[in-house]
2 protein chains.
Amino acid sequence: MITVKHVAQAAGVSPGTVSNALTGKRPVSPKTRSRIFQAIEELGYKPNLLARSLVNRRSHTIAIVTSEVEQFGPARILSGIDEQAEELGYSLLLTLMRNPAEEDVEQTITNLVARGVDGIIWAVHQVGNNRRWFTAERRKELPPIAFVTMEPKPGMAIVNTDNRAGAKMAVQHLISRERRVIGHIAGPLDWWEARERLHGWRATLADAGLENSDDLLVKGNWSAESGEAGLRQLLERRPDMDGIFLGNDQMAIGALQAAHRLGYAIPGDLALVGFDNIPESRYFWPPLTTIHQGLFEIGRVALQTIHDAIEESGASGERHITIQPELIVRESS
Amino acid sequence: MITVKHVAQAAGVSPGTVSNALTGKRPVSPKTRSRIFQAIEELGYKPNLLARSLVNRRSHTIAIVTSEVEQFGPARILSGIDEQAEELGYSLLLTLMRNPAEEDVEQTITNLVARGVDGIIWAVHQVGNNRRWFTAERRKELPPIAFVTMEPKPGMAIVNTDNRAGAKMAVQHLISRERRVIGHIAGPLDWWEARERLHGWRATLADAGLENSDDLLVKGNWSAESGEAGLRQLLERRPDMDGIFLGNDQMAIGALQAAHRLGYAIPGDLALVGFDNIPESRYFWPPLTTIHQGLFEIGRVALQTIHDAIEESGASGERHITIQPELIVRESS
DNA sequence: TTGTACGCGTTATCAC
DNA sequence: GTGATAACGCGTACAA
């Protein structure tokens with residue numbers, strides 16, 4: 001392995017001077033500088049980032065903790081994080097939590113801190129009490145940390161989607177399509193996002209003077225299976241239902257299949273609106289009207305937020321950023 | 001920050017002894033041992049993995065380089081890698097290449113080596129000449145590296161799917177369903193996987209004495225759009241086509257939509273078989289017959305392979321592992 | 001402008 | 001079994 005010492009020797013200078021030439025923090029005369037770089041070139045010297053991190057207390061590494069990366073949402077966010085990370089010169093240390101409800105995160109956190117990450121992006125969905133570990137004292141021992149997808153809380157850096165606004169757009173769209181009995185299949189209600197979308201559904205119907213009783217509500221679990229079962233259940237209870245807002249696109253595709261099997265015409269008998277705008281939704285049959293979240297943007301912003309927090313390390317750290325969703329109208333409504 | 005020195009002082013021993021107690025590589029007397037661990041507990045000492053990596057020349061970090069992590073395939077592989085990594089105590093350094101055809105990988109490789117990763121999993125699809133950078137000389141300067149999804153080559157560690165076998169199963173299934181004019185929509189032919197699947201289609205038809213001319217072949221680009229366009233084109237050329245094998249499920253969903261719009265009955269008029277078994281494929285309309293790849297398993301095996309190579313660092317490094325795919329029969333055929 | 005010496009936190013070697 | 005000492009590769013005071 002080639003080190004600064006070798007370069008220094010080859011260039012006939014001291015190691016310190018090589019370092020100065022490399023970092024540019026101290027002036028180096030043009031000719032020694034060129035000698036040094038020539039030696040670097042010839043020897044194929046590459047700085048050891050581990051050693052550099054050790055002395056600089058800066059690893060240019062950001063940890064990203066997420067779950068269910070096979071889902072479109074987390075994957076898209078990850079993609080956005082990566083793009084911004086590359087732009088700002090960070091590498092990404094990835095940790096996948098198999099279960100988002102996991103409350104015991106000590107081991108994960110300890111590992112990340114021990115590896116000297118400069119910051120952490122916590123992109124695990126808020127489920128149940130899985131944020132309990134992040135206390136005020138805890139915060140002191142940790143590098144800057146940004147949370148993706150959770151409810152606003154004082155003193156925390158948070159980036160999320162306006163889920164209520166998205167639900168509102170979905171329901172208002174159904175109303176504009178002359179639907180008057182509008183059901184909802186929600187995600188699991190221990191998920192913050194599911195509760196927000198449910199709330200948006202309820203509030204919008206109430207504002208419009210339409211029914212929003214529990215009779216029109218079914219609780220799913222984000223899966224297509226639960227969307228299928230949910231729709232059957234709702235139609236049994238309420239054959240008069242003519243519109244439905246699904247908590248996500250996965251449940252929507254299940255519901256679409258149930259509707260086909262039951263012989264319902266879409267959108268004639270029943271109009272559907274999903275949430276997420278997964279790439280496939282455009283090719284559902286019929287193509288699905290849905291709510292687009294700016295997930296890539298959320299990823300970028302989250303990384304930028306962490307970067308800012310790292311730079312101005314004295315700051316309070318509180319920042320809440322909300323990305324507005326968008327209605328995508330297709331043939332299912 | 002608490003270091004070994006603090007612990008040593010608190011326990012009344014030398015730093016070296018603390019290290020010995022921690023790693024267990026040298027014997028430590030029971031009572032000093034317990035004193036040390038008590039001090040560790042009280043001070044909340046956490047070893048600095050950066051420093052440890054520096055001296056040990058072992059970071060317990062494995063780099064994973066991939067692209068298009070929003071696609072099911074790469075994401076699923078990543079998931080498998082992560083599971084095995086956790087089991088073996090590795091952390092993952094993730095690099096996303098925006099363009100899989102990218103041939104200039106110097107910067108990425110340099111960064112990973114500089115960060116002292118113990119091994120690399122190269123999970124970028126083989127496209128065009130994007131493996132050219134990996135030469136015999138190059139190999140000497142790099143830690144162990146395993147390639148996912150590429151053609152077998154001497155001296156390399158490779159984990160992949162038997163794409164030809166998968167294609168064969170798909171076509172044989174269509175034949176068993178009494179189809180005699182079987183088309184294919186291929187992925188971009190600069191992709192190795194696309195070529196393999198195409199080859200499987202051709203060979204199986206030839207073996208069965210059925211037509212496999214270019215008239216029955218269209219080149220897509222993996223996207224649903226291209227599946228839609230491809231099917232229209234094929235049906236225009238060959239109205240007698242009664243079966244079709246799609247290079248992946250994305251193109252299949254596009255083809256399904258085109259078939260609906262053209263008024264074709266599935267599978268009555270036309271039977272479809274896809275490739276990948278993405279989660280949504282079960283909910284396409286009708287549910288899609290497809291080929292399941294063991295992608296999670298591929299990820300696990302790739303990491304295990306790297307781990308083995310790291311442990312026995314003198315080995316040649318050549319190992320080719322092929323995972324067999326599986327036919328999933330649903331209602332589209 | 002450049003060289004020297006030390007420190008980052010840890011482990012390994014060699015004495016004792 | 002334990003304690004000094006050196007070393008991993010680099011950055012940075014301080015001195016020259």
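Cut-offs used in this document
Residues numbered from 1 in each chain as written. Chains lettered and ligands numbered in written order. Predicted model: local features only at pLDDT ≥ 70, side-chain atom pairs only at ≥ 80, totals over all residues. Heavy atoms only, no water. Contact = heavy atoms within 4.5 Å. Buried area = accessible area lost by both parts, 1.4 Å probe. Salt bridge = Lys/Arg side-chain N within 4 Å of Asp/Glu carboxyl O. Polar contact = N/O pair within 3.5 Å; in protein donor to acceptor, adjacent residues only side chain to side chain. Helix = DSSP H or I, 4+ residues; strand = E, 2+ residues; numbered from the N terminus. Nonpolar A, V, L, I, M, F, W, Y, C, P; charged D, E, K, R; others polar. Pairing = 2+ DSSP bridges. Near = heavy atom within 4 Å. Axes fitted to C-alpha atoms, helices over the stretch in contact; angles between N-to-C directions. Parallel < 35°, antiparallel > 145°, perpendicular 65-115°, else oblique. Buried < 20%, exposed > 50% of the residue type's maximum accessible area, 1.4 Å probe, protein only. Arc of directions from axis to C-beta. Phe/Tyr/Trp six-rings, centres within 6.5 Å; stacked < 30°, edge-to-face > 60°. Domains from an automatic or database assignment.

1. Comments concerning the interface of chain A and chain B
- On the side of chain B, 50 residues touch chain A, which itself brings 50 residues to the contact.
- Across the chain A/chain B interface, buried area totals approximately 4700 Å², and carbon plus sulfur atoms make up 56% of it.
- Counting the contacts that link chain A with chain B gives 10 salt bridges.
- A salt bridge links Glu86(B) to Arg98(A), with the shortest nitrogen-to-oxygen separation between them at 3.1 Å.
- At the boundary of chain A and chain B, one finds 34 residue pairs in polar contact (both at pLDDT 80 or more).
- Counting residues per element, the ones that place at least two in the side of chain A that touches chain B are helix H4 (49–56), helix H5 (72–88), strand S2 (91–96), helix H6 (106–114), helix H10 (224–237) and helix H11 (249–262) of chain A.
- It is H5(A) that provides the largest number of residues to the side of chain A that touches chain B, a total of eight residues.
- Here the residues of the side of chain A that touches chain B sort into 22 nonpolar, 13 polar and 15 charged.
- When S2(A) meets strand S2 (residues 91–96) of chain B, the two strands line up antiparallel, connected through three bridges. The residue of S2(B) that forms the bridge with Leu94(A) is Leu92(B).

2. Overview of the protein's contact with DNA strand C
- Taken together, 26 residues surround DNA strand C, and among them Thr32(A), Arg57(A), Val4(B), Tyr45(B) and Arg52(B) come closest.
- A share of 84% is what sugar and phosphate atoms reach among the atoms of DNA strand C within 4 Å of the protein.
- Within the backbone of Ser14(A), one N or O atom sits 2.9 Å away from a phosphate oxygen of DNA strand C.
- At 3.3 Å from a sugar or linking oxygen of DNA strand C is found a side-chain nitrogen or oxygen belonging to Asn56(B).

3. Here we look at the packing of helix H2 (residues 15–23) of chain B against helix H3 (residues 30–43) of chain B
Residue and element names in this part refer to chain B.
- The N-to-C vectors of H2 and H3 enclose an angle of 90 degrees; their axes lie 10 Å apart at closest approach. When the axes of H2 and H3 are compared, the pair comes out roughly perpendicular. Contact with H2, carried on its side by Thr 17, Val 18, Ala 21 and Leu 22, involves Arg 33, Ile 36, Phe 37 and Ile 40 of H3 and no other residues of that element.

4. Details of helix H1 (residues 4–11) of chain A
Residue and element names in this part refer to chain A.
- Restricting attention to buried positions, one finds in H1 the residues Val 7, Ala 8 and Ala 11. Around the axis of H1, the buried residues are gathered within 100 degrees of arc, so they sit on the same side. Opposite the packed face of H1, turned more than 90 degrees from it, sit the exposed residues Lys 5, Gln 9 and Ala 10.
- Among the residues trailing H1, Gly 12 stands out with phi positive, at a value near 70 degrees.

5. Considerations on the sheet that holds strand S6 (residues 182–186) of chain A
Residues and elements named next belong to chain A.
- One open sheet holds the four strands; their spatial order is S7-S6-S8-S9, and the pairing between them is parallel. One side of each edge strand has no neighbouring strand; the edge strands of this open sheet are strand S7 (217–219) and strand S9 (271–273). For this sheet the average axis-to-axis angle between neighbouring strands, irrespective of direction, equals 15 degrees.
- By the bridge criterion, three bridges tie S6 to S7 in an arrangement that is parallel. Residue pairing for S7: Ala 186 is matched across the bridge by Lys 219.

6. A closer look at the protein's contact with DNA strand D
- DNA strand D sits among 27 residues. The nearest are Val4(A), Tyr45(A), Arg52(A), Thr17(B) and Arg57(B).
- If you look at DNA strand D and keep only atoms within 4 Å of the protein, 88% of those are sugar or phosphate atoms.
- Separating a phosphate oxygen of DNA strand D from a side-chain N or O atom of Tyr45(A) is a distance of 2.5 Å.
- A distance of 2.3 Å separates a phosphate oxygen of DNA strand D from a polar side-chain atom of Arg57(B).
- For the surface near DNA strand D, the secondary-structure elements that each account for two or more residues are helix H2 (15–23) and H4 of chain A together with helix H4 (49–56) of chain B.
- When its residues are assigned to classes, the surface near DNA strand D shows 11 nonpolar, 12 polar and four charged.

7. What about the pattern of salt bridges?
Residue and element names in this part refer to chain A.
- A complete count under the given rule lists 44 salt bridges over all chains for this structure.
- Across the salt bridge formed by Arg 180 and Glu 178, the nearest N and O atoms sit 3.7 Å from each other.
- Connected via shared salt-bridge partners are Glu 211, Asp 215, Arg 237, Arg 238 and Asp 240.

8. Digging into the packing of aromatic side chains
- Counted according to the given criterion, the structure contains 12 aromatic pairs over all chains.
- On the basis of an interplanar angle of 45 degrees and a centroid distance of 6.2 Å, the ring pair of Trp133(A) and Phe147(A) is categorised as tilted. Here the residue Trp133(A) occupies a position in the loop between strand S3 (119–123) and helix H7 (136–141), and Phe147(A) occupies one in strand S4 (residues 145–148), the gap between them amounting to 14 residues.
- For Phe147(A), a relative accessible area of 0% puts it in the buried group.
- Ring centres 5.0 Å apart and planes at 65 degrees place the aromatic pair Phe134(B) and Phe147(B) in the edge-to-face group. Highlighted residues: Phe134(B) in the loop between strand S3 (119–123) and helix H7 (136–141) and Phe147(B) in strand S4 (residues 145–148), separated in sequence by 13 residues. Grouping residues by exposure puts Phe134(B) and Phe147(B) together as buried.
- Each member of the aromatic cluster is reached from another via a ring pair, and the members are Trp122(A), Trp133(A), Phe134(A) and Phe147(A).

9. Topic: the sheet that holds strand S9 (residues 271–273) of chain B
Residue and element names in this part refer to chain B.
- Read across the sheet, four strands follow the order S7-S6-S8-S9 without closing on themselves; strand pairing throughout is parallel. The sheet is open, and its two borders are formed by strand S7 (217–219) and S9, each paired with just one other strand. On average, each strand axis in the sheet is tilted by 15 degrees relative to the strand beside it, whichever way the strands run.
- Two strands pair when backbone bridges link them, and strand S6 (residues 182–186) and strand S8 (residues 243–246) are joined in this way by four bridges, in the parallel orientation. Bridge pairing links Gly 183 to Ile 244 in S8.
- Seen against the sheet, helix H8 (residues 163–176) touches S6, S8 and S9 and runs at an angle of roughly 165 degrees to S8.
- Here helix H10 (residues 224–237) sits on the sheet in contact with S6, S7 and S8, set at roughly 150 degrees to S7.

10. Observations regarding the domain arrangement of chain A
All names here are of chain A.
- Parsing chain A into structural domains produces domain 1 (4–47), domain 2 (58–161 + 295–324) and domain 3 (163–292).
- For domain 2 and domain 3, the distance between their C-alpha centres works out to 30 Å.
- Contacts between the two partners involve 15 residues from domain 2, matched on the other side by 11 residues from domain 3.
- In this assembly, domain 2 packs against domain 3 so that about 1000 Å² is buried in total across both faces, 60% of it on carbon and sulfur atoms.
- Applying the counting rule to domain 2 against domain 3 returns zero salt bridges.
- Inspection of the domain 2/domain 3 interface yields four residue pairs in polar contact (both at pLDDT 80 or more).

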